[in-house]
Amino acid sequence: MQKQMAIVGVGYSGFSSISPGLSYKELMYEAAVRAYQDAGIDPRQDADGFVTVAEDFHEGTSIFDEYVPDQLGAVMRPVHTVTGDGIHGLIAGALKILSGAMNIVVVEGHSKASNILTLSQVTAYALDPIYNRPLGLNPYSIAGLEMQRFLHQTKNTVEQCARVVVKNRRNALNHPSAGHGSDISLEDVLASERVASPLRKLDIAPHSDGCVVFVLASADAARDLTPQPIWIRGMGWSNGSYSLEQRNWAHADYARQAAQMAYHQAGVEKPHDEIDFAEIDDTFSYKELQHMEALELCGEGEAGRMIDEGATQPGGSLPINVSGGSLGVGNLLEASGLQRVLEVVLQLRGQASARQLKNVETGLAFAWRGLPTASGAALVLSR
Amino acid sequence: MAFRRTGLRRVAVVGAGMTKFVRRAQETAQELAFHASRLALDSCGLRIQDIGAVCLGTAPDAFDGVHMNGEYLSDGAGAYGKPFMRAYVGGGTGVFSVIQGWYHVASGLFDAVLVVCEEKMSSCLPHPQAAFLTIFDHTTERPLKPNLLWIFALEMNRYMQKYGLSKKDIARVAVKNKRNAMDHPAAQLAAEITVEDVLNSEVLAWPVQRLDVSPTSDGAVAVILASEDAAKRITDKPVWIKSVGWCLDSAYWTNRDLSYPEYVERAARMAYEMAGIKEPRKEIHIVEPYDPFDYKELHHLEGLLLAPKGEAPRLLAEGVFDRDGDLPATPSGGLLGVGNPIAAAGLMKVAELFWQLRGEAGKRQVPGNPRTGLAQAWGDLMQVGTVAILGV
Amino acid sequence: MAKIVRELPGLALTPEDISQRKVLSTSWVPKAEYAWDAGIAMGRYLEELRNGRLMGVRHRRCGRTVIPPRIFCEQCFAPMDEWGELPDTGTVNTFSICYVSWDVKRLEVPEIPAVIEIDGTSPRVGILHKLGEVDPQQVKVGMPVKAVWKPAEERNGAITDILYFQPI
Ligand SMILES: [Zn+2]
């Protein structure tokens, strides 16, 4: 897509393990105020529509869309909720602009993961109620199954997965808002508790609370609002098989399909050469490697070698998850993808402070919806 | 900001299908979604490979008893290997799903989109209504153990008080819709009843009585949307989506005027503006307003500017909203007669317009070759209006 | 439609089909527990309920005083300006006489939920609560009511620190 729409405002609040000082409404309000300030808009006058992302069982409220308009300035306006990752929500917003029916659209996603006391039981509640749930398995076992098959088929190794954890946690030390930065060693990861072998405790991204809000605008509105629009060049989303019985356990087919759609729109033919950096799902360490291959940032079985060679380090040829990713920033539930887009925007704007990459023009953000889904969404952004 | 009306890509409904609406279906939620999707595809001779993206609607996950219910339903809704998106606005979801589908096609990214709505409320025990406890504010309202019926009773009472309406004025909606449903092959609660039957039915939450209320149901509906070029290839009788509109009011519902659905008016005005409709009362020939409760149909007709405030009951009594009246309202039989699998019920209203405007509604067919119809749904904490205007 | 499909899919089951296991089902009790952060506005509201006081917030620009409190004015999208104590009296905006519980069990004694416009707030601003110590048939829209509080030592910072509202 040629410069038809852009991100013109970003605001965020968080990201930390707990956020007891603010209710979810107040967390959203804080991020929204910042985004509107950044975009220079008054939501009551200027925004044509609003999209939020939420899952009822993550909120503890049924039909949660009821509770979103007030704190976003969206009362008596077109606003709806998407049950998807934040990038799905962002795409839902972008479609409204592409259709020509709206000029300025606001997109919001948040996490109050700390308020969910029984998160793993809630995740288990997403399993097929007839075939899978009665087995009583912890949902992390699905990640264990997938990691096993992925490593077996691609010959990537558990050490290479552990290296992802070390990289992303260290990257997060340069991100003042990241909740889980630390200087851990490969040995720490490999010695951490087994959860669902080969998956260990430190392979799993811990949760964080936070909120991210974006303001999207059509090309004309974007040029009026900011000298530095970040253009949405391509967007793709896809579902693999929900059924665990028919899933592609080795390869993330949802990621490949989503990326192909986004690359096609953006005119990207050789992702490895044309994408300068990427923020991609690393809910589990192996997912970063699996997604790199599915997103065609490297060939099959080459992701491990890239991390060994340091190619995905901030100073490498294709930096991945400079923000710290989910392993370093924290798993933000539905807002996870928006945090990835946020980092891409900040890098492209040159606002990433200590972790700023040099000479970046085009970035990729990719989100997976998490266990137990095979659903993902991709966004290609350029200066 | 004004809508950039010029250059909007035209989008049509080209196919539709639905299951029966029943209190408890043997089919799983996935199977219901599959049946409706299959029928919609067959109705216009498309294969799943022809579909570029899938939009899904289903109301709270608490009914089906599955977290991330959209993902669970994705296989049944034909979304494997496709862009798939589930959007929701509570009870307004059914019509909103078509709005969502409209944006998908109007964006230029897709030529054919499958829109599927499913609800399997019977999975929720001991009674589906219990799932509604969690729609209330967790701090200020849930500790009072509110019943879903409360908010409708409170709104209905306020509406009656404001305009001096009697229960009898309102009960006629239930009589009309349940009778209309006698001609619907999917209907769960079609019946010939009288106003007295409604007034003598069990009092649940005064002024709401048993026959004022739609049932809980299982069921699914699907429609297929196509771009102008594709639509013309697929069918000789495309039904165009002339416009869409929706609006969400504040969550602080106890801070609002409950006697009038302002948010429905805003949604309708958005749609009227996009369609270039100046005089809705003359330009809309057939309407499917959301009728989970009998008074809601009247409330919504007023919000849609199809009846003056407080006067919908009088027009109803005069027969204006009968199937052969001046402005047929809910010729399908609606939620009161066909049933209320929430999101599917909203989409059923769009499907009904599709059949009516093509002259394919059989015994339900509205006379006089209607050319423009409006479907509307509503939901959340009496808070959201969703509107789609279709025309041939 | 009639032309294309004569019999629609959808197999209706009876309660006996389930109870006699003629068709099978799996059952599951969800374990979904939450502790929602009350935050700034709701935190103070609950604290003052424990003290036996109703609090509202006011926005100067639009002149609205509202309850329950929030840190932002949703109409203007700006921070609220001030807090103020409100009287625990009000007027019935609308009510219902409800004969079924939240999980649809028949009640012996009906409950009377009501939206109560709290005195000192802007027009039509109220809260959801219940009425008590009143004959249901005597309840009227516009009726003045007053909160009946739990004894101070039993209050714990919840909306249920008010037992119900009673006609004055
Ligand atoms: Zn104000």
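These numbers were taken from a predicted model, which means no experiment stands behind them.

A. The arrangement of the interface of chain C and chain A in detail. Contacts between chain C and chain A engage 23 residues on the former and 35 residues on the latter. Summed over both partners, the interface of chain C with chain A buries about 2400 Å², with 63% contributed by carbon and sulfur atoms. Our count for the chain C to chain A interface comes out at 1 salt bridge. Asp37(C) is the partner of Lys112(A) in a salt bridge, and the nearest nitrogen-oxygen pair spans 2.6 Å. Across the chain C-chain A interface, the total number found is 12 residue pairs in polar contact (both at pLDDT 80 or more). Breaking the side of chain C that touches chain A down by element, the ones donating at least two residues are helix H2 (39-50) and strand S4 (78-79) of chain C. Of the residues in the side of chain C that touches chain A, the class split is 16 nonpolar, 3 polar and 4 charged.

B. Region of the structure containing the environment of Glu288(B). All names here are of chain B. Of note, Glu-288 is situated in strand S9 (residues 286-288). On the basis of relative accessible area, Glu-288 is assigned to the buried category, the value being 0%. As a C-alpha pair, Glu-288 and Ile-135 span 153 residues in sequence and 26 Å in three-dimensional space. Discounting chain neighbours no more than four positions away, the residues touching Glu-288 are Thr-330, Pro-331, Ser-332, Lys-349, Glu-352, Leu-353, Leu-374, Ala-375 and Gln-376. Polar contacts involving the side chain of Glu-288 include one to the side chain of Lys-349, which spans 2.9 Å.

C. Region of interest: H2(C). The end-to-end C-alpha distance of H2(C) is 16 Å, a good match for the 16 Å that 12 residues give at a rise of 1.5 Å each. The set of residues buried in H2(C) consists of Gly39(C), Ala41(C), Met42(C), Tyr45(C), Leu46(C), Glu48(C) and Leu49(C).

D. Molecular detail of the confidence of the model for chain C. Averaged over every residue, the pLDDT of chain C is 94; the share at 70 or more is 96%. Predicted as a complex, the structure gets a pTM of 0.97 and an ipTM equal to 0.97.

E. Region of the structure containing helix H1 (residues 29-43) of chain B. Residues and elements named next belong to chain B. Taking 1.5 Å as the rise per residue, H1 with 15 residues should run 21 Å; its terminal C-alpha atoms sit 21 Å apart, in good agreement. Residues of H1 that are buried: Ala-29, Gln-30, Leu-32, Ala-33, Ala-36, Ser-37, Leu-39, Ala-40 and Leu-41. Contacts made by the buried residues of H1 are with strand S1 (11-18), helix H2 (61-64), helix H3 (69-74), strand S4 (112-120) and strand S7 (218-227). Once H1 finishes, Gly-45 follows within two positions and takes phi at roughly 70°, a positive value.

F. Inspection of the pairing of strand S10 (residues 362-368) of chain A at higher detail. Residues and elements named next belong to chain A. S10 sits mainly inside the fold: 7 of its 7 residues count as buried. Where strand S9 (residues 277-280) meets S10, 4 bridges bridge the pair, whose relative direction is parallel. Bridged to Ala-278 within S10 is Leu-364. Judged from the 7 bridges that link them, S10 and strand S11 (residues 375-382) form a sheet pairing that is antiparallel. Considered in S11, the bridge of Ala-367 is made with Ala-377. Following S10, the chain reverses through 6 residues before pairing antiparallel with S11; Gly-370 in that reversal takes a positive phi of roughly 90°.

G. Focus on the packing of helix H9 (residues 262-275) of chain B against helix H11 (residues 294-303) of chain B. Residue and element names in this part refer to chain B. Between H9 and H11, whose axes approach to 8 Å, the crossing angle comes to 50°. One finds that H9 runs oblique with respect to H11. Viewed along their axes, H9 and H11 form a crossing whose handedness is right-handed. The segment H9 lies against H11, with Tyr-263, Val-264, Glu-265 and Ala-268 engaging Lys-296, His-300 and Gly-303. Of the residues contributing to the contact of H9 with H11, the split by class is 3 nonpolar, 2 polar and 2 charged.

Basis of the calculations
Residues numbered from 1 in each chain as written. Chains lettered and ligands numbered in written order. Predicted model: local features only at pLDDT ≥ 70, side-chain atom pairs only at ≥ 80, totals over all residues. Heavy atoms only, no water. Contact = heavy atoms within 4.5 Å. Buried area = accessible area lost by both parts, 1.4 Å probe. Salt bridge = Lys/Arg side-chain N within 4 Å of Asp/Glu carboxyl O. Polar contact = N/O pair within 3.5 Å; in protein donor to acceptor, adjacent residues only side chain to side chain. Helix = DSSP H or I, 4+ residues; strand = E, 2+ residues; numbered from the N terminus. Nonpolar A, V, L, I, M, F, W, Y, C, P; charged D, E, K, R; others polar. Buried < 20%, exposed > 50% of the residue type's maximum accessible area, 1.4 Å probe, protein only. Expected span 1.5 Å × (residues − 1). pLDDT = per-residue confidence, 0-100. Pairing = 2+ DSSP bridges. Axes fitted to C-alpha atoms, helices over the stretch in contact; angles between N-to-C directions. Parallel < 35°, antiparallel > 145°, perpendicular 65-115°, else oblique. Left-handed = near helix turned anticlockwise from the far one by under 90°.

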